[in-house]
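A look at the structure
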Amino acid sequence: MAAFLRAFLRRWTTPVGVLLLLLVVGMALSATLLTGEDPWDMVTRPLQWPGENPKFPLGSDQLGRDVAAGILHGARVSLLIGLAATAAALVLGILVGALAGYYGGLADDLLMRVTEAFQTVPPFIFTIVIVTLLVPSVATVVAAIALVSWPTVARLTRAEFLALREREFVQSCHALGMGDLRIMLTQMLPNALAPIIVTGSIMVATAILTESALSFLGLGDPNVMSWGTMIGAARDLLRSAWYLTAIPGVAILVTVLALNLIGEGLNDALNPRLRNR
């Protein structure tokens, strides 16, 4: 653990990423406590600029809603969708990639052809089609993002399992009579997790960006406040009230930057080629 932490914190940018992510998580956890239950409430005069009213430090939007409430509650939605979509994509991708890499042959061919079929469709367009065909909701957005994200994990997992299945410790497990499922879960998967974890951290950032883009286009859940929804609602006021798009845009930037910095730190700590540099 000490060696991992030294490698993880070797870059000065990694602690910055951790602090920024903790800030976003703190915003999400304290949203109800600081700004109330409903960020849709019209609580003050419309279009107050940041700093104009001490009760609403980030100002108000065109309907008199508190911008700070939208930012805090939007952090909760963005993190929920990013983590849930990434978790679903990791489960599906690891399952497909592990089966393809472990068994090879016909199973590998069939599973990789399915994976390639998903990769031939532009991811964002595919996401829009799925959300449009179904009822827009948090669950729909999570499912759509997961469906376009899992092929990357599947190909990565397959490559790791192909490299591991001929190793001596795997052959020893076969000689001891261990079952295929037990070998994959207890012996091979732990040795293949390092690049998957790094990829997962980047996927969370990508999922947050995708959700923001969908909400900007009006394809997000209309019952929850998100940063993309705030930007989309304020795009007609870009000249007169640019802060309404700039503040949620900065929130997205900070969150994605934090996740990318943490991903770089994880890569330094988990990649054996970089660990001892």
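Relevant structure appears above.
Quick look at the structure, then. (Residues numbered from 1 in each chain as written. Predicted model: local features only at pLDDT ≥ 70, side-chain atom pairs only at ≥ 80, totals over all residues. Heavy atoms only, no water.)

**Side note on the overall build of the protein chain**
The secondary structure content of the protein chain amounts to 12 helices and zero strands. Traced from its N-terminal end to its C-terminal end, the protein chain shows the element sequence α-α-α-α-α-α-α-α-α-α-α-α. Reported as C-alpha extents along the three principal axes, the dimensions of the protein chain are approximately 75 × 45 × 30 Å. Within the span of the protein chain, comprising 277 residues, buried residues form 45% of the whole. Expressed as a percentage of contacts within the protein chain between residues at least 6 apart in sequence, the contacts between residues at least 24 apart total 72%. For the protein chain, the accessible surface area stands at approximately 14100 Å², while carbon and sulfur atoms represent 68% of it. (Helix = DSSP H or I, 4+ residues; strand = E, 2+ residues; numbered from the N terminus. Buried < 20%, exposed > 50% of the residue type's maximum accessible area, 1.4 Å probe, protein only. Contact = heavy atoms within 4.5 Å. Areas by Shrake-Rupley, 256 points an atom, 1.4 Å probe, with all protein chains shown as cover.)

**Section: unusual backbone geometry**
Outside of glycine, negative phi angles account for most residues, and trans bonds account for most peptide bonds. Although it is not a glycine, Leu 47 sits at a positive phi angle of roughly 55 degrees. Within the secondary structure, Leu 47 sits in the loop between α3 (31-35) and α4 (67-103). Its relative accessible area of 34% is what places Leu 47 among the partly exposed residues.

**Here we look at the packing of helix α2 (residues 13-29) against helix α11 (residues 243-270)**
Packing of α2 against α11 brings their axes to within 8 Å, and their N-to-C directions diverge by 140 degrees. As the angle between them shows, α2 and α11 are arranged oblique. The two elements α2 and α11 meet at a crossing, and its hand is left-handed. In this structure, α2 uses Thr 13, Thr 14, Val 16, Gly 17, Val 18, Leu 20, Leu 21 and Val 24 to contact α11, whose residues at the interface are Val 254, Thr 255, Leu 257, Ala 258, Leu 259, Leu 261, Ile 262, Glu 264 and Gly 265. Grouping the constituent residues of the contact of α2 with α11 by class yields 11 nonpolar, five polar and one charged. (Axes fitted to C-alpha atoms, helices over the stretch in contact; angles between N-to-C directions. Parallel < 35°, antiparallel > 145°, perpendicular 65-115°, else oblique. Left-handed = near helix turned anticlockwise from the far one by under 90°. Nonpolar A, V, L, I, M, F, W, Y, C, P; charged D, E, K, R; others polar.)

**Looking at the pattern of salt bridges**
Using the criterion set out here, one finds seven salt bridges in the structure. Among the ionic pairs, Asp 109 bridges to Arg 113, the shortest N-O distance being 4.0 Å. Linking Asp 109 with Arg 113, this pair stays in helix α5 (residues 105-119), spanning four residues, or about one helical turn. Between Arg 165 and Glu 166 there is a salt bridge, and its shortest N-O distance comes to 3.7 Å. (Salt bridge = Lys/Arg side-chain N within 4 Å of Asp/Glu carboxyl O.)

**Some words on the packing of aromatic side chains**
By the definition in use, this model includes five aromatic pairs. On the numbers, 5.2 Å between centres and 65 degrees between planes, the contact of Phe 118 with Trp 150 is edge-to-face. With a gap of 32 residues between them, Phe 118 in helix α5 and Trp 150 in helix α7 (residues 138-164) connect regions that are remote in the sequence. Residue placement shows Arg 235 over the ring face of Phe 216; its charged tip is 4.9 Å from the ring centre. (Phe/Tyr/Trp six-rings, centres within 6.5 Å; stacked < 30°, edge-to-face > 60°. Lys NZ or Arg CZ within 6 Å of the ring centre and 35° of its normal.)

**Brief notes about the layout of surface pockets**
Roughly 260 Å³ of volume is contained in the largest pocket. Contributing to the lining of the largest pocket are 15 residues, with Pro 123, Val 148, Ser 149, Thr 152 and Thr 206 lying nearest its centre. For the lining of the largest pocket, the residue count by class is nine nonpolar, six polar and no charged. (1 Å grid on protein atoms, 1.4 Å probe; cavity = no way out; pocket = protein on both sides within 12 Å on 5 of 7 lines; lining within 4 Å. Points joined across faces, edges and corners; volume = space filled by probe spheres on them.)

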